[in-house]
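Survey of secondary and tertiary structure
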Amino acid sequence: MTLVTLSDVLQPALRQGHAVAGLVTLGWEDMRAFVAAAEAEDCPVILQAGPSCRAHTPLPVLGAMFRHLAQNASVPVVAHLDHGYTAEECRQAIDCGFTSVMYDGSRKPLEENIAETRRIVEMAHAAGISCEGEIGFVGYSGGDGSSGTDPAEAARFARETGVDAMAISVGNVHLQQDHEGGLDEDRIRAIEAVTDLPLVIHGGSGVPIAQRRALAQGSSICKFNIGTELRMAFGRSLREAIDRDPARFDRVQILSETHEPMVAAARSILRAFKGA
Ligand SMILES: [Zn+2]
């Protein structure tokens, strides 16, 4: 059994100078490949079920899949709810065996975000699991713009909510398809000066690889969420598998050919987060 909480993997990462990848899953094929990649790299991995994953597959099914993979893995695996928007959603994830929930109150006014996040933290801790919160707002490529994290607000959010990890907005943007969106390191330094918490970067796909590596080793950023980059790799490998033989119709046969490319894509991401 290697199912662990978010704190179980982020606290060692903070102390030892590395980061852990929060890999966005959409189904069995990619989550299985991500665990195989983590085993090959001999590092922990966070499997994340975000809103679009949950719209496709019910949470109890996702929880069972994550737990099954974790129980058979040789490395620590976190079953994480990404962007829970309500207490009910977080409660359901806890009931389904998730070991970490992210409550996203970042669209709400500060006071409300703090109060609601604190309630979710209490619920998560009572169940023996971890909670991630977000302060500032991480925008979406082609959608809502970001609102950078204010260090003073981050200090207060950390102190008053009791979260185990804090997602921050420092130039990161969700859904970016290239690696050109570098992070604001001055703002990161200002935030890590006022809190001991492990910090989280959503929209990690847009961060240049060299900066991911440098920050993993030399900052309090301990978790990078990576989604778009892996969805692009999956789309490419699926398209190639289909095109390889237009007469083929069996889904398992076609999907099996996405496995190796997804393991390779995930391995190269995981390698950048390892310590020196
Ligand atoms: Zn996110």
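Located above this text is the structure these notes cover.
Residues numbered from 1 in each chain as written. Predicted model: local features only at pLDDT ≥ 70, side-chain atom pairs only at ≥ 80, totals over all residues. Heavy atoms only, no water.

Observations concerning the environment of E134
For E134, the position within the fold is in strand β6 (residues 130–135). Along the sequence, E134 and L270 sit 136 residues apart, while their C-alpha atoms lie 23 Å from each other. Among residues more than four places away in sequence, those in contact with E134 are H83, M102, Y103, D104, S106, N113, F157, A167 and H202. At 3.3 Å, the side chain of E134 forms a polar contact with the side chain of S106. For E134, the side chain forms a polar contact with the main-chain nitrogen of V138, separated by 3.1 Å. (Helix = DSSP H or I, 4+ residues; strand = E, 2+ residues; numbered from the N terminus. Contact = heavy atoms within 4.5 Å. Polar contact = N/O pair within 3.5 Å; in protein donor to acceptor, adjacent residues only side chain to side chain.)

Focus on unusual backbone geometry
Despite not being glycine, D42 has its phi angle at roughly 55 degrees, a positive value. By the element assignment, D42 lies in the loop between α2 (28–41) and β3 (45–49). Backbone geometry places H83, a non-glycine residue, at a positive phi of 50 degrees. In this structure, H83 sits in strand β4 (residues 77–84). Taking the relative accessible area as the measure of exposure, H83 reaches 5% and is therefore buried. (Buried < 20%, exposed > 50% of the residue type's maximum accessible area, 1.4 Å probe, protein only.)

Digging into the layout of surface pockets
By volume, the largest pocket is sized at about 330 Å³. Of all the secondary structure elements, the ones that give two or more residues to the lining of the largest pocket are β2 (20–25), α3 (51–56), β4, β9 (221–226) and α10 (228–244). For the lining of the largest pocket, the leading source of residues is α3, giving 3 residues. Within the lining of the largest pocket, the residues separate by chemical class into 8 nonpolar, 12 polar and 2 charged. In this structure, the second largest pocket encloses a volume near 260 Å³. Lining the second largest pocket are 17 residues, with L26, G27, E29, D30 and F234 sitting closest to its centre. Elements that contribute at least two residues to the lining of the second largest pocket include exactly α2, α3 and α10. In terms of residue class, the lining of the second largest pocket is built from 9 nonpolar, 5 polar and 3 charged. (1 Å grid on protein atoms, 1.4 Å probe; cavity = no way out; pocket = protein on both sides within 12 Å on 5 of 7 lines; lining within 4 Å. Points joined across faces, edges and corners; volume = space filled by probe spheres on them. Nonpolar A, V, L, I, M, F, W, Y, C, P; charged D, E, K, R; others polar.)

Quick look at the coordination of the zinc ion
The coordination sphere of the zinc ion, as far as protein atoms go, consists of H83 (NE2), H174 (NE2) and H202 (ND1), spread over 2.0 to 2.1 Å. Taken in chain order, the donor set of the zinc ion reads H-x90-H-x27-H. Separated by 119 residues along the polypeptide, H83 in strand β4 and H202 in the loop between β8 (199–201) and α9 (209–218) bring together distant segments of the chain. Owing to a relative accessible area of 1%, H202 belongs among the buried residues under this scheme. (Donors = N, O, S within 2.8 Å, 3.2 Å for Na, K, Ca; no water.)

Remarks on the side chain of T149
Mapping T149 onto the fold places it in the loop between β6 and α7 (151–161). Note on T149: relative accessible area 0%, which makes it buried. A distance of 2.6 Å separates a polar side-chain atom of T149 from the backbone oxygen of I135. Separated by 2.7 Å, the side chain of T149 and the backbone nitrogen of S169 make a polar contact. Residues in contact with T149, not counting those within four places in the same chain, are I135, G136, A154, I168, S169, R187 and I191.

Examining the pattern of salt bridges
Evaluation of the coordinates by the stated rule reveals 15 salt bridges. In this structure, R156 and E160 form a salt bridge, with 2.9 Å as the shortest nitrogen-oxygen distance. One end of the pair, R156, and the other, E160, are both in helix α7, 4 residues apart, so they sit about a helical turn from each other. Salt-bridge contacts for E257 lead to R244; the nearest nitrogen and oxygen are separated by 2.4 Å. Of the two residues, E257 sits in the loop between α11 (251–256) and α12 (259–272) while R244 sits in helix α10, which places them 13 residues apart along the sequence. The partly exposed category is assigned to E257, whose relative accessible area is 26%. For R244, a relative accessible area of 52% gives the class exposed. The structure contains a network of salt bridges with shared partners spanning E41, R267, R271 and K274. (Salt bridge = Lys/Arg side-chain N within 4 Å of Asp/Glu carboxyl O.)

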